[in-house]
Amino acid sequence: MYDYMFRNALVADGSGKEPYRANVAVFGDRIAFIGTEGITRARNVIDASSYVLSPGFIDMHTHTDLQVLRDRDMKAKAHQGIVTDVSGNCGIGVFPDSGEALHVAVEDVLGTYSGWSWKSYEDYRNLLMGEGIGINEIFLASHTALRYAVLGDNAGRSADKKEIESMCGILDDLLSQGIRGFSSGLYYSPCLFASEEELLALLAVVRRHDAFFAVHHRCEGDDVIASLQEVLSLALKTGVRLEISHLKAIGRANQDKVPEMLRMIEEARSNGVDVQADQYPYAYGSTSLFSLLPPHILSLSRFEQRLALSLENERSELVREIMHPDNWDSVYEMVGPDEIRIIYLESHGEYAGMSLSEIGKDRGQEPLDALFDLLADETGLAVMSDVTQSDESLRMIMKHPLVSFGTDALYSSPLPHPRSYHSTVEYISRYVVKEHLMTLEEAVRKMTGLNADKLRLEKRGYIREGYAADLVLFDPATLAESGEDNIGFSVVMIAGKPLLLNGKWSTPRSGAVL
């Protein structure tokens, strides 16, 4: 007898093929039967005739490395049908742990965790599985953690040959333990200080393991073409599989570069580079407020940063650098203070939701002076949102067959970006149901099978007999946000165990580290 039978479901199987009607049965943690026969031998029969049944959604780009410890049930992801996360992105990760400098470096994106006790990936994985986790997790080895482990607290510099060899040794060990890829954030400190020699050496290790390289490349704004060419060249030289994180062009003046970016990716594939990309479904993003500062300031410790920001003679030079950047993304210059808003400031909570222009006006200051004062005062979390691209560019990228779904979710602050809770609803309800930018089967493919293929997941990401029973039953027409939850989902199942069934949530913690 089957455990569950989804009767007469409209099956979007993850392949991109047109949905079809079928009965789908689950036994244990596997899909055991797909067909039209009138089989009733199931302990639980679910009338799925008004719903779409798809594989569970796979989030290709997220930052839940510490959130999965703070909320082991991972409700924010499960409540939007996401059953598998890929964490450790943008070069920001939590193993190997080298101490306080790493903790501070990652806290604006990952948040904090008082029980940080692990040193190695093995220790971290054992901690996760000791009490169980609500969804599946896949981890990438992070460039930031490697640099702090080898270079120490002063990771904001170039590495010498011996240090590069040490980083390669650590990476080799991590990939030997089942880590599926390596990530870097060449926009962020300390990864931005890596030389080409360092990157090529690390990617050679990745290639030996047939893992993949996920990268937040160096510049997504004025120099986006040259920056994209840099990572495509690295992939061509090393033969590594390349995943370009949250593909976009930042700034009004750069939106016309998107067609060229997509052409470059297509050309690289025709030249043998296995390159793809992911994207979150919003025209505005979120990251650390400190990332507005020039790279040489980001290389300093937080104490040294605050000191530099408090000195008047330093400020005039910082204004010049921010308004006239040299080979780095000045988001402030490209986006402008009207389009940068505070999500969370630990030391100045009164400014949550306000733009830098509004804050400057409130304080009787120029926006940059207000920014410098706030960051000089800040000893805790500082998170912003910024309008990065046009809706037209977002749609052009989203429609491209080499671009898949990710949320870029981060839970470091009490008031995170809506992508952390509602990305799948936005993706389907807006771009499939309302705008018809994609068909339902195209969207499901980008959220399931395409990501499973990128990750080389065995028997996951598709509705096929013998595959993992990670499933989502939903009504596209009624998907909608509801506070931090969503409506329109009838069943969310992981490993054959429902987290949501008949409108009721349970917490079986049947997730695994894949």
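Calculation notes
- Residues numbered from 1 in each chain as written.
- Predicted model: local features only at pLDDT ≥ 70, side-chain atom pairs only at ≥ 80, totals over all residues.
- Heavy atoms only, no water.
- Pairing = 2+ DSSP bridges.
- Helix = DSSP H or I, 4+ residues; strand = E, 2+ residues; numbered from the N terminus.
- Axes fitted to C-alpha atoms, helices over the stretch in contact; angles between N-to-C directions.
- Salt bridge = Lys/Arg side-chain N within 4 Å of Asp/Glu carboxyl O.
- Buried < 20%, exposed > 50% of the residue type's maximum accessible area, 1.4 Å probe, protein only.
- Patch = residues over 30% accessible without salt bridge, like charges linked within 9 Å, V, L, I, M, F, W, Y side chains within 5 Å.
- Areas by Shrake-Rupley, 256 points an atom, 1.4 Å probe, with all protein chains shown as cover.
- Phe/Tyr/Trp six-rings, centres within 6.5 Å; stacked < 30°, edge-to-face > 60°.
- Lys NZ or Arg CZ within 6 Å of the ring centre and 35° of its normal.

Sheet strands pair via backbone hydrogen bonds, and the direction of the pair is either parallel or antiparallel. Read across the sheet, three strands follow the order 14-16-15 without closing on themselves; strand pairing throughout is antiparallel. Each of the sheet's edge strands pairs with one partner strand only, and the pair in question is strand 14 (284-288) and strand 15 (340-345). Neighbour-to-neighbour, the strand axes of the sheet open up by a mean angle of 25°, direction not taken into account. Pairing analysis gives five bridges linking strand 14 to strand 16 (residues 382-387), with the strands arranged antiparallel. Bridge assignment links Ser288 to a residue of strand 16, and that residue is Val383.

Glancing now at the pairing of strand 23 (residues 497-501). Consecutive side chains along a regular strand alternate between the two faces of the sheet. Inspection of the sheet shows strand 22 (residues 489-494) paired to strand 23 by four bridges, in the antiparallel sense. Residue pairing for strand 23: Met493 is matched across the bridge by Pro498. Hairpin connection from strand 22 to strand 23: two residues lie between these consecutive antiparallel strands, with Ala495 at a positive phi of about 55°. Note that strand 23 and strand 24 (residues 504-505) share two bridges and pair antiparallel. Across the sheet, Leu500 pairs through a bridge with Trp505, a residue of strand 24. From the end of strand 23 to the start of strand 24, which pair antiparallel, there are two residues, and Asn502 there has a positive phi angle of about 55°.

What follows concerns the sheet that holds strand 8 (residues 82-87). The eight strands lie next to each other as 6-8-9-10-11-12-13-17, forming an open sheet whose pairing is parallel. Strands with a single pairing partner mark the edges of an open sheet, and in this sheet they are strand 6 (57-59) and strand 17 (403-405). Within the sheet, the average angular offset between the axes of one strand and its neighbour, ignoring direction, is 30°. By the bridge criterion, three bridges tie strand 9 (residues 136-142) to strand 10 (residues 181-185) in an arrangement that is parallel. Residue pairing for strand 10: Ser142 is matched across the bridge by Ser183.

Applying the stated criterion across every chain yields a total of 32 salt bridges. Here Glu339 and Arg252 are joined by a salt bridge, their closest N and O atoms 3.3 Å apart. Of this pair, Glu339 sits in the loop between helix 13 (331-335) and strand 15 while Arg252 is found in the loop between strand 12 (241-244) and helix 9 (258-270), placing the two residues 87 residues apart along the sequence. Assessed through its relative accessible area of 26%, Glu339 is described here as partly exposed.

This next bit is on a nonpolar patch on the surface. Taken together, the side chains of Phe303, Leu307 and Leu311 define a hydrophobic patch exposed on the protein surface, amounting to about 300 Å² of accessible area. Relative to the assigned elements, Leu311 resides in the loop between helix 11 (302-310) and helix 12 (312-323). Overall, Leu311 belongs to the partly exposed group, its relative accessible area being 36%.

Tallying each qualifying case throughout the model produces 16 aromatic pairs. Members of the aromatic cluster, joined through ring pairs, are Phe95, Tyr113, Trp116, Trp118, Tyr121, Tyr124 and Phe139. The ring of Tyr280 carries Arg419 above its face, with NZ or CZ at 4.5 Å from the centroid. Above the ring of Tyr462, the side-chain terminus of Arg464 is found at 4.0 Å from the ring centroid.

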